[in-house]
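Here are the chains, one letter per residue:
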There are 8 protein chains.
Amino acid sequence: MDSFQIDHKRIDRVGFPEIIYGASKTSEVIVEILQDYIRKGDNALVTKVQEEKGAYLMSHFPKAHFDALSSMFLLEYEEAKLQDCGIGIIAAGTSDLFIVNEVYYTLAYLGLKADRIVDIGVAGLYRLLEKLDLLKQYKVLVVIAGFEGALPTVIGGLLPQPIIAVPASVGYGVAAGGKAALDSMLASCANGITVVNIDNGCGAALAAYRIYSQLQR
Amino acid sequence: MDSFQIDHKRIDRVGFPEIIYGASKTSEVIVEILQDYIRKGDNALVTKVQEEKGAYLMSHFPKAHFDALSSMFLLEYEEAKLQDCGIGIIAAGTSDLFIVNEVYYTLAYLGLKADRIVDIGVAGLYRLLEKLDLLKQYKVLVVIAGFEGALPTVIGGLLPQPIIAVPASVGYGVAAGGKAALDSMLASCANGITVVNIDNGCGAALAAYRIYSQLQR
Amino acid sequence: MDSFQIDHKRIDRVGFPEIIYGASKTSEVIVEILQDYIRKGDNALVTKVQEEKGAYLMSHFPKAHFDALSSMFLLEYEEAKLQDCGIGIIAAGTSDLFIVNEVYYTLAYLGLKADRIVDIGVAGLYRLLEKLDLLKQYKVLVVIAGFEGALPTVIGGLLPQPIIAVPASVGYGVAAGGKAALDSMLASCANGITVVNIDNGCGAALAAYRIYSQLQR
Amino acid sequence: MDSFQIDHKRIDRVGFPEIIYGASKTSEVIVEILQDYIRKGDNALVTKVQEEKGAYLMSHFPKAHFDALSSMFLLEYEEAKLQDCGIGIIAAGTSDLFIVNEVYYTLAYLGLKADRIVDIGVAGLYRLLEKLDLLKQYKVLVVIAGFEGALPTVIGGLLPQPIIAVPASVGYGVAAGGKAALDSMLASCANGITVVNIDNGCGAALAAYRIYSQLQR
Amino acid sequence: MDSFQIDHKRIDRVGFPEIIYGASKTSEVIVEILQDYIRKGDNALVTKVQEEKGAYLMSHFPKAHFDALSSMFLLEYEEAKLQDCGIGIIAAGTSDLFIVNEVYYTLAYLGLKADRIVDIGVAGLYRLLEKLDLLKQYKVLVVIAGFEGALPTVIGGLLPQPIIAVPASVGYGVAAGGKAALDSMLASCANGITVVNIDNGCGAALAAYRIYSQLQR
Amino acid sequence: MDSFQIDHKRIDRVGFPEIIYGASKTSEVIVEILQDYIRKGDNALVTKVQEEKGAYLMSHFPKAHFDALSSMFLLEYEEAKLQDCGIGIIAAGTSDLFIVNEVYYTLAYLGLKADRIVDIGVAGLYRLLEKLDLLKQYKVLVVIAGFEGALPTVIGGLLPQPIIAVPASVGYGVAAGGKAALDSMLASCANGITVVNIDNGCGAALAAYRIYSQLQR
Amino acid sequence: MDSFQIDHKRIDRVGFPEIIYGASKTSEVIVEILQDYIRKGDNALVTKVQEEKGAYLMSHFPKAHFDALSSMFLLEYEEAKLQDCGIGIIAAGTSDLFIVNEVYYTLAYLGLKADRIVDIGVAGLYRLLEKLDLLKQYKVLVVIAGFEGALPTVIGGLLPQPIIAVPASVGYGVAAGGKAALDSMLASCANGITVVNIDNGCGAALAAYRIYSQLQR
Amino acid sequence: MDSFQIDHKRIDRVGFPEIIYGASKTSEVIVEILQDYIRKGDNALVTKVQEEKGAYLMSHFPKAHFDALSSMFLLEYEEAKLQDCGIGIIAAGTSDLFIVNEVYYTLAYLGLKADRIVDIGVAGLYRLLEKLDLLKQYKVLVVIAGFEGALPTVIGGLLPQPIIAVPASVGYGVAAGGKAALDSMLASCANGITVVNIDNGCGAALAAYRIYSQLQR
């Protein structure tokens, strides 16, 4: 059998390196892939790393960083070295923190430090209205919500920046798995918000990065 | 074959008479049923009456009232005789008017006059906030929205009354048929709003009437 | 990162305080939130608390109350202090008890004592008919059913009060997850029953409370 | 190309002849098939014949019978020649008549005369209870309902005969297309009712006929 | 709280007693219900009893019978006392045995002994054709299949008896949960087969029993 | 705006030319595209051409061929010039002819003459068994069925050739749109049949052509 | 009844004015709304205007512009006055033109001129690769595709700009309504593409405009 | 009860023996079936064998081969004895290896040695383009992908061989369970690729074998 092939040229084409999807790979395969990155002297990011896999990886790479809440694993992570970037990560509630951190660590892997603002869901609308001036200062907003997913719709009617909505798999009944939030975000037709897959914090971060890169030119 | 049997005792049991569902009945059958009501001296309401059927019914009962927008047909309708009831019908936009009127005419059939407040969707949130004091005065709110259906969620976080949410089949793509609005309203878990079937303005009116009746006791 | 923000003003706006959704929060986050409530001298309710989390919370707050059947956690619960409220909680069978209790404890958190009437499903219709006189005395009915969810439809044709239907995730095959019961309750168009999300006993209790509050004015 | 091949031996195997599904065949093909039946001296039944096709067929076979309500076409139909069979066709409302008649004419094609009892839906439960003694006399019950489809469930808890439930595509929103009724009938687990496809009156009649044949042995 | 209420009069109405659905009840509740049956001197059947619950019940009622394969629990079961009934239980493969036995034990609870014929799926059609003469002798056929669920369709074209099809939750991908088999069985329009919910062996047995009872009259 | 770009090199890469999807293009655009083909001296095939569009195209290209049954339009079609190819097109019934012909004309466009064998659905199994020797002679089988779609499964257990199954949008209720047939064909796991999209006769023909080309090498 | 309320302050909040959704409004209501815009001296855009409505509007506002292909209506449109903006609209094929133009005219309404590049679907991959240098020059890419919707995924692996993917309701079977394209675009997890609702060309244009506005600052 | 019946004549009819589906059978039943094969001197293949079952089987048949990655169990497996067959197994990434190996071992069971080529997903398109000459040499391609499943579409536009696409249950959100990949592969209409059920590596191998057998004649 062929062995794996990292797409090491992706950064030249799209501006950011390949990211490793951890959920469906065995721990052994991930370790092998990470050693390839280490040989090249590159940092690496693995997403959706289940808790036991995370422990296994930490035992192999003790200097690495594993955030159990968001299931994110980075070979190297130094908060102090990150650069401000004007990207705000907004979430309806503390139940969404696992996605908030997936966005945060993906941007950290790309060298950027984003801000995290939590608990401004639409059920307590005034908490959101009080923070509008703060939110106006960001260049890009990543907005996360589960259940009925109304937060990006409301923000989309109040603020002019690019808005990337992330449905979170938080809820039960018709909200189970994040499907109601996803459809609600997509259905919100009037305001130019865009959407990524349920729980795809990593993809939202990359989409924000694509905009950030244009702004840097 | 048996002929049809009107449930004439329903009013004694549940407080309001049987209402005729028009969409799947032939015009001939509806006429026959209506003549039964006329014989008993009762008013009658037919819902979801397609346009051609409405014309056919009007040609048989020229003194009746047909609202083409909401597909509602009443044997008798006199706005002047209706009583104020403290029920507010709120809709996100003018696209939802066909359901607004279905609620309105169902309550009219029961002798009540409800208020209609349109175009306060969440995309233009300040229009809603400016009307909060007005909305606070109603005893029951029927809230209608299509697309992402966020309006009842937002109102549910701002106002204390009973709220009956009606998803409207307004939208396209994932919003087609009203399914995204329905799921969004059901998923909105924190605030005690209740939901009826998509486009079921009649049912929402009856639910409001059940509360109204309790308040009258 | 921002820390969490309880919406402590919700009670002023909608008449009842914020309730904590426990299923997607870590035990540590819930403890932190509860300590905030204790500091303010407030009681708190956490819903959908998985069994291990419940044990963890009880070890931190030994005077609290945890109902494992319904996964409900209250900082304080004294049955003797609850007030009668005229709200009846009706369920098709003993399989639905976990939702019956979710409704019960939510109302208890708001200071109200509701009645629980179980095992009157439509398969044994006479059990229901025998209890009609009892049921007629309630001001609001919360009706819970899984499988085909026919109970609220049948009650809706027999009784005049406001009816809040709760589909329960009880059943298998097409009934798995409560979807058949939900659709059946929504589809029941003629009688003015309203519906909440699958397993949303808490939301049904809050909807009943909104009606109860209007009746108290 | 091969031409069509009628399964003329089906009656020897399963006890009833092949029935022609009309909805997806062109009028020309149906005429050709019917002429094959006429050549063999056999009666023939075509189901789901759209209105224009029905007119076309009647112009070719003027002695035939076309029931526009149920879209059923029979080469020969003489009510007087039909035999009583103890099969009752029960429907929730007059909106379901198109399926009532599909069952009726399929049995007529097999030489049997069934009874039709309409308008005993669960919203007006007493209409059903008053007819229980009548219903007890049938050997087989075909029970048709749209919307939430609760009727077979209620009858299943009251009567001991074989019950074949037919979901009707009557309703809107989540009830559109008959899906909510179908799932509700399937989910009704405790009482031994069986179900056929949405709007499949013909199949329900054949299932009743299979039982009838066993009883005749 | 009200305690449970067994529908002890069901046997008078529909000819068979209430059956206990075990999957969503706690072990304690089931024990309590069973003791009520024992007090009345009745046998009892509990369906969908998860393995640990089965062990718990057996420890309380050591003379009872628990079939782990089909998750069926009977207070009393003596094979020797069962009566032949002419009901054949047919399954496509050994993967469907858990449903085969659910049908078998439900009939056993009603005093009947059915035959079980396994491994005649349509992929090996000749195995089925070789058994046609055997199958012709049954009065009622219960036919179980997972995956694409084609077996009842094929049998429906070959044999004249009443056929009750049971989709089994056997398969993966689009067949996961039994949905493909269910839809395939319902869609099979031409032959008068009827269908019950996925994995509802108990309901299929009761449906067969309803026919059997008619034949006994 | 850019104008359209035919992929004229596709034949060099994959062995057959680009085929024009007609359903969503305006008649004017199709005419323009066809004139491009005529300029190059190439034949062209347009699929899913609605009846009015077909008439419009025929008025512009009077020597072309339009098959209204299958909605297929070819600039040039001469049956006499087609070559035998050993591909058999099998369909359950005459309702499936519109797809039978879509397969037939796609292969005709590629210069091949396939055989069409209709009306051997599984409800009349002996019609199929009688033709087994005939069917054994084909090198590739394209098998079309609507409703429950069992035909490819049965053939897959009887014959050794490559089998390409095509679900047809023939049926109603759960079979509407061909979804039940599709899932049934995909779920049929044991025999190595492959599947294309619902109604995709053209794709099935191209898949057969890919195999035919390998056999020619 | 309240009359409609245009959200005339939206442009101050989010940077672009309210856009009128035409599909569910009556022609009369739209005319009334447009007259309100004319009174204020503002241009207006109406989306999803069915053909007959478009003709009606043109008869009332003869100087307006109606693009029948995309169902877009603008009170004023002068191509010469538009400004270049570096936004590229890319589509897989000519079947997608109705969405291409919806994006184009929405940007035109905002004063911007976008480029349209059609027919570079993945089935003819080299057509795309040949245009890579051209595509690299755009600041934002709006990428439209129906059927399997693979185009944004492929472009996302080749180019670094912000990419807004629009699923088009082009296709049949599982692709009908654009659902397969939508899911495919959302599922494409590795590259930071974002998605809007099916056929939501207008929303994609607004999302592109939000990015464009940030770049102008 | 009947005991099981292996379809030992399948190889005579379709060219390959029956394969045992392991997921829904108990370990005891599988052992019994395998002993039947051993008695006949035949090799046997069991698919979808969960890890614990695999260990149980290995303890009974220590000379057998169990591939935990793909859950495949073979009584006998000797790589050296396999024959080259010109079948290429292609996968988008290392997450798909469990299906790659299911295809590989099914072909091994039939005596064939296929090649495995991994990590050429469309996100890194150049990896695929660089391997085109290699891929051109295979007679049949089995192409596996999860997430958005675009790989078979892209390959279908580049290469002329028969292509069997296998959607893998790799992904989350809308991609969970492989449904997005399945629909995307089916929707890919223009190029004659065929599809099997999600995760059905075994079926894809048998489909490839059917083509291989034709080529051998």
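Look a little higher up for the structure.
Residues numbered from 1 in each chain as written. Chains lettered and ligands numbered in written order. Predicted model: local features only at pLDDT ≥ 70, side-chain atom pairs only at ≥ 80, totals over all residues. Heavy atoms only, no water.

## Focus on the pattern of salt bridges
On inspection of all chains with the given rule, the structure shows 73 salt bridges over all chains. The residue Lys48 of chain A makes a salt bridge to Glu102 of chain A at a minimum N-O spacing of 3.0 Å. With Lys48 of chain A in the loop between strand E2 (45-47) and helix H3 (51-60) and Glu102 of chain A in helix H4 (residues 97-109), this pair connects stretches of sequence that are 54 residues apart. Classification of Lys48 of chain A by relative accessible area gives buried; the value is 17%. Across the pair Arg13 of chain F and Asp7 of chain F runs a salt bridge whose closest N-O atoms are separated by 3.0 Å. Across this residue pair, the class does not change: Arg13 of chain F and Asp7 of chain F are buried. (Salt bridge = Lys/Arg side-chain N within 4 Å of Asp/Glu carboxyl O. Helix = DSSP H or I, 4+ residues; strand = E, 2+ residues; numbered from the N terminus. Buried < 20%, exposed > 50% of the residue type's maximum accessible area, 1.4 Å probe, protein only.)

## Considerations on the relation of the copies chain G and chain H
You can overlay chain G on chain H at an RMSD of 0.0 Å; the transform is a turn of 180° with a shift of 0.0 Å along its axis. What the superposition gives is, in effect, a two-fold axis relating one chain to the other. The fraction of interface residues of chain G whose copies in chain H are also interface residues reaches 100%, indicating that both copies meet through the same surface. (Least-squares fit on C-alpha atoms with pLDDT ≥ 70 in both. Contact = heavy atoms within 4.5 Å.)

## Focus: the environment of Leu158 of chain E
Within the fold, Leu158 of chain E resides in the loop between helix H7 (151-156) and strand E8 (163-167). Sequence-wise, Leu158 of chain E and Gln216 of chain E are 58 residues apart; in three dimensions their C-alpha atoms are separated by 25 Å. Other than its neighbours up to four places away in sequence, Leu158 of chain E contacts Arg13 and Val14 of chain D, Leu128, Leu129 and Leu132 of chain E together with Leu125 and Tyr126 of chain F.

## Focus on the interface of chain A and chain G
Between chain A and chain G, the residue contacts involve 37 residues of the former and 37 residues of the latter. Regarding the contact of chain A and chain G, the summed buried area is about 3,000 Å², with carbon and sulfur atoms giving 54% of it. Remark: the boundary between chain A and chain G carries 0 salt bridges. Across the chain A-chain G interface, the total number found is 13 residue pairs in polar contact (both at pLDDT 80 or more). Among the secondary structure elements, those contributing two or more residues to the side of chain A that touches chain G are helix H1 (10-14), strand E8 (163-167), helix H8 (179-187), strand E9 (194-195) and helix H9 (201-216) of chain A. (Buried area = accessible area lost by both parts, 1.4 Å probe. Polar contact = N/O pair within 3.5 Å; in protein donor to acceptor, adjacent residues only side chain to side chain.)

## Description of the packing of helix H2 (residues 27-39) of chain B against helix H3 (residues 51-60) of chain B
All names here are of chain B. Look at H2 against H3: their axes get within 10 Å of each other, and the N-to-C directions meet at 40°. In terms of axis orientation, H2 runs oblique to H3. For the pair H2 and H3, the crossing hand works out as right-handed. Here Ser27, Glu28, Ile30, Val31 and Leu34 of H2 come into contact with H3, specifically with Lys53, Tyr56, Leu57 and His60. (Axes fitted to C-alpha atoms, helices over the stretch in contact; angles between N-to-C directions. Parallel < 35°, antiparallel > 145°, perpendicular 65-115°, else oblique. Left-handed = near helix turned anticlockwise from the far one by under 90°.)

## Regarding the arrangement of the chains
Nothing in chain D touches chain G, and the closest approach of their C-alpha atoms is 17 Å. Separated throughout, chain E and chain G approach each other most closely at a C-alpha pair spaced 13 Å apart.

## Topic: the environment of Pro167 of chain F
All names here are of chain F. With respect to the helices and strands, Pro167 occurs in strand E8 (residues 163-167). Overall, the relative accessible area of 0% leaves Pro167 in the buried class. Sequence separation between Pro167 and Phe98 is 69 residues; the distance between their C-alpha atoms is 12 Å.

## Topic: unusual backbone geometry
Within the chain, Asp199 of chain A stands out as a residue other than glycine whose phi angle is a positive 65°. Inspection of the secondary structure puts Asp199 of chain A in the loop between E9 and H9. Classification of Asp199 of chain A as buried rests on a relative accessible area of 11%. Residues other than glycine seldom take positive phi values, yet Lys48 of chain C does so here, at roughly 50°.

Functional significance is not addressed by these values, which are geometric in nature.
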